[in-house]
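Commentary on secondary and tertiary structure
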Amino acid sequence: MALAALPLAAVPPLVAAPARAAAPVRAAARPAAGPSGVVAKSALLYDVTDGATAWSRAADTERPIASITKVMTALVVLHDGGLDRKITIRRRYLAYAKRHDGSTAGLHAGDRLTARQLLNALLLPSGCDAAYALADAYGPGKDGFVAKMNDAARELGLDHTTYANFDGLPWPTATSTRSTARDQVRLAGYAMDDGTFRATVARRTYRLARTRTHHAYRWTNTNRLLRFYKGAIGIKTGTTDAAGYSLVFAARRGGRTFTGIVLNSSTTDERARFTDAARMLDWGFGTAGPHRVPPADTDTDTD
C-alpha cells in the first residue's frame, strides 16, 4: 500500500515524533552567535531534547543531497516491512552502479540476501547496487518505488524535497534530487525513531559469513563521525560533484540528543563535513574541541 493512501496517524514509525527525555538536562551555556568555523553552505542543528532548532544557516535553500537520499529509501522499505524476504541480486543492479560511477556494497549477481541485510548494504557502504535491489523489490519496480518516496515526503510535510531516483546519484540531472537542511533534519528525526534504522546506522561495520545463497561480505560505515566523536549515533553521508561532501548526523550525551546536517561542506576535502558536524555538536553540547578527524581512507562515500 502506498504511503499516500494512509492517514498520517496510521503510518508509524515514519511519523512518530522523536522521543523526548522525561527530564531534560539543560545544555551548557552556548555563544549566541552559533558555532564557529562551520563552512557548509547549508546547515542546521536541532535540539531533540528541547524540541527546537538550535542553529541554522540557509536551512530552507534547496540543494542536491546525494546519498542522504538513502535515508528515505530505507524508510520506505521499513514502512512496507517484510524485512526477512529474500531478494535476488540481478546483474542490472551492478551494471547500474558501475554505469553511474556510484558507491557500491560489492554485491554479487545471483546472491540472495534479505531486505534486512540489504539495508546494511544500503546505509553503511552507501551501496547504490543495494538501493536498486530494494527499490526493484519494494516498488515493485524502481519507478514505483520513487513514487512512494515522493508520496512519503508529501505526507511528512517535506515540502521542499523531490526525489528523482532511489539513491541520490546525479541523474537525470545533477540537481534533480534535492531538498533542504530543514526537511532532511526533520526526516532524520523520523528515521532515528525507528529501532531498526537506528541500530543499522550506528554500526561501524557489518559482516555476513558466506552461505550457500550468498558470498561473504564486510561493509564499513562511511560515516566516520562514529569513529571519533564521543556520543555519535548516526546517520548518513552523501557526496556528488554538485552536492559536495555532506552529512546528516546525530549524537547523544548526558541525556541530550542533537540531530543535524551539513550540505556541501567542501567539494575537495571529504573530511570537512565531519569537522563541521563536530563543531556544531560541540557548540550544542557546550563542550570544547578540537577533534582529530581520521585520515581519508578507501571506505568513503563516493556517489
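Residues numbered from 1 in each chain as written. Predicted model: local features only at pLDDT ≥ 70, side-chain atom pairs only at ≥ 80, totals over all residues. Heavy atoms only, no water.

1. As for the overall build of the chain
As a reminder, the rule being used: Strands are runs of DSSP state E lasting at least two residues, helices are runs of H or I lasting at least four, and both sets are numbered from the N terminus onward. Partly exposed describes any residue whose relative accessible area lies between the buried limit of under 20% and the exposed limit of over 50%, with all areas from a 1.4 Å probe on protein chains only and scaled to the type maximum. Whether two residues touch is decided by their heavy atoms; if any such pair falls within 4.5 Å, the residues are in contact. Calculation of accessible area relied on Shrake-Rupley with a 1.4 Å probe; when residues are assessed, cover is drawn exclusively from the protein chains displayed.
The helix and strand tally for the chain stands at 9 helices and 11 strands. Of all 303 residues assigned to the chain, the portion counted as buried reaches 56%. For the chain, the proportion of contacts with a sequence separation of at least 24, taken over those separated by at least 6, is 66%. Of the roughly 12200 Å² of accessible surface on the chain, a fraction of 50% belongs to carbon and sulfur atoms.

2. Some points on the sheet that holds strand E10 (residues 244-253)
To keep it simple, the criterion reads: What makes two strands pair is DSSP finding at least two bridges between them. Inter-axis angles, ranging from 0 to 180 degrees, are taken between N-to-C directions of lines fitted to C-alpha atoms, where helices are fitted over the stretch in contact.
Read across the open sheet, the 5 strands follow the order E2-E1-E11-E10-E9; overall the sheet is antiparallel. The sheet is open, and its two edges are formed by strand E2 (52-57) and strand E9 (232-240), each paired on a single side. Adjacent strand axes in the sheet meet at a mean angle of 10 degrees, parallel and antiparallel pairs treated alike. Of the pairings in the sheet, the one linking E9 to E10 comprises 8 bridges and is antiparallel in character. For Thr-240, the partnering residue across the bridge sits in E10 and is Gly-244. Docked against the sheet, helix H9 (residues 272-285) engages strand E1 (42-47), E2, E9, E10 and strand E11 (256-263), running at close to 30 degrees with respect to E10.

3. So, the environment of Ser-179
This is how it is decided: Whenever two N or O atoms come within 3.5 Å, that pair is a polar contact, provided that in protein one can donate a hydrogen and the other can accept it, and provided that, for residues adjacent in sequence, both atoms are side-chain atoms.
Along the polypeptide, Ser-179 turns up in strand E6 (residues 178-179). Among the polar contacts listed, one links the side chain of Ser-179 to the side chain of Gln-184, at a separation of 3.0 Å.

4. So, the packing of aromatic side chains
For any two aromatic rings, the description comes down to two numbers: the centre-to-centre distance and the angle of the planes. Put simply, the test is: Pairing of aromatic side chains requires ring centres within 6.5 Å, counting the rings of Phe and Tyr and the six-membered ring of Trp. Pairs whose planes differ by under 30 degrees are stacked, by over 60 edge-to-face, and all others tilted.
This structure, assessed with the given rule, holds 8 aromatic pairs. Taken together, a centroid distance of 5.2 Å and an interplanar angle of 70 degrees make the contact between Tyr-96 and Tyr-132 edge-to-face. You can see Tyr-96 sitting in helix H2 (residues 91-99) and its partner Tyr-132 sitting in helix H4 (residues 128-138), a full 36 residues away along the chain. In this structure, Tyr-96 and Tyr-132 share a single accessibility class: buried. The structure contains a cluster of three or more aromatic residues connected by ring pairs, namely Tyr-93, Tyr-96, Tyr-132, Phe-166 and Trp-171.

5. Some thoughts on the side chain of Thr-161
As for its position among the elements, Thr-161 is in the loop between helix H5 (142-155) and E6. Taking the relative accessible area as the measure of exposure, Thr-161 reaches 1% and is therefore buried. Apart from residues lying up to four places away in sequence, Thr-161 is in contact with Asn-150, Ala-153, Arg-154, Arg-178, Ser-179, Asp-183 and Gln-184.

6. Considering the environment of Trp-219
Secondary-structure assignment places Trp-219 in strand E8 (residues 217-220). Judged by relative accessible area, which is 2%, Trp-219 ranks as buried. Distance in space between the C-alpha atoms of Trp-219 and Asn-120 is 7.7 Å, their sequence separation being 99 residues. Setting aside chain neighbours within four positions, we find Trp-219 in contact with Ala-105, Leu-107, Gln-117, Asn-120, Ala-121, Leu-124, Pro-125, Arg-204, Thr-205, Tyr-206 and Leu-208.

7. Points about the pattern of salt bridges
Rule in force here: Salt bridge, as used here: a side-chain nitrogen of Lys or Arg that lies within 4 Å of a carboxyl oxygen of Asp or Glu.
Applying the stated criterion across every chain, the model contains 10 salt bridges. We note a salt bridge from Arg-256 to Asp-47, for which the minimum N-O separation is 2.3 Å. Here Arg-256, found in strand E11, pairs with Asp-47, found in strand E1; they are 209 residues apart in sequence, far enough to count as distant. One exposure class covers both Arg-256 and Asp-47, and it is buried. Arg-273 is the salt-bridge partner of Glu-270, the closest N and O atoms lying 3.5 Å from each other. Assigned by exposure class, Glu-270 and Arg-273 land together as buried. Among the charged side chains, a network of salt bridges with common partners joins Asp-47, Asp-50 and Arg-256.

8. Some words on the pairing of E9
With 9 of 9 residues buried, E9 lies mostly within the body of the structure. A loop of 3 residues connects E9 with E10, the two strands running antiparallel in sequence.

9. Section: helix H3 (residues 115-123)
Within H3, 8 of the 9 residues are buried, which leaves the element mostly enclosed by the surrounding structure. All of the buried residues in H3 are Ala-115, Gln-117, Leu-118, Leu-119, Asn-120, Ala-121, Leu-122 and Leu-123.

10. Quick notes on the confidence of the model for the chain
Defined as follows: Looking at any residue, its pLDDT shows the predictor's confidence there, from 0 to 100.
The predicted model of the chain averages 89 in pLDDT, with 84% of residues at 70 or higher. Below a pLDDT of 50 lies the segment residues 1-27, which in the model reaches 51 contacts outside its immediate sequence neighbourhood of four places, other chains included. Every residue in residues 298-303 scores below 50 in pLDDT, and together they form 28 contacts with partners more than four places removed in sequence or on other chains.

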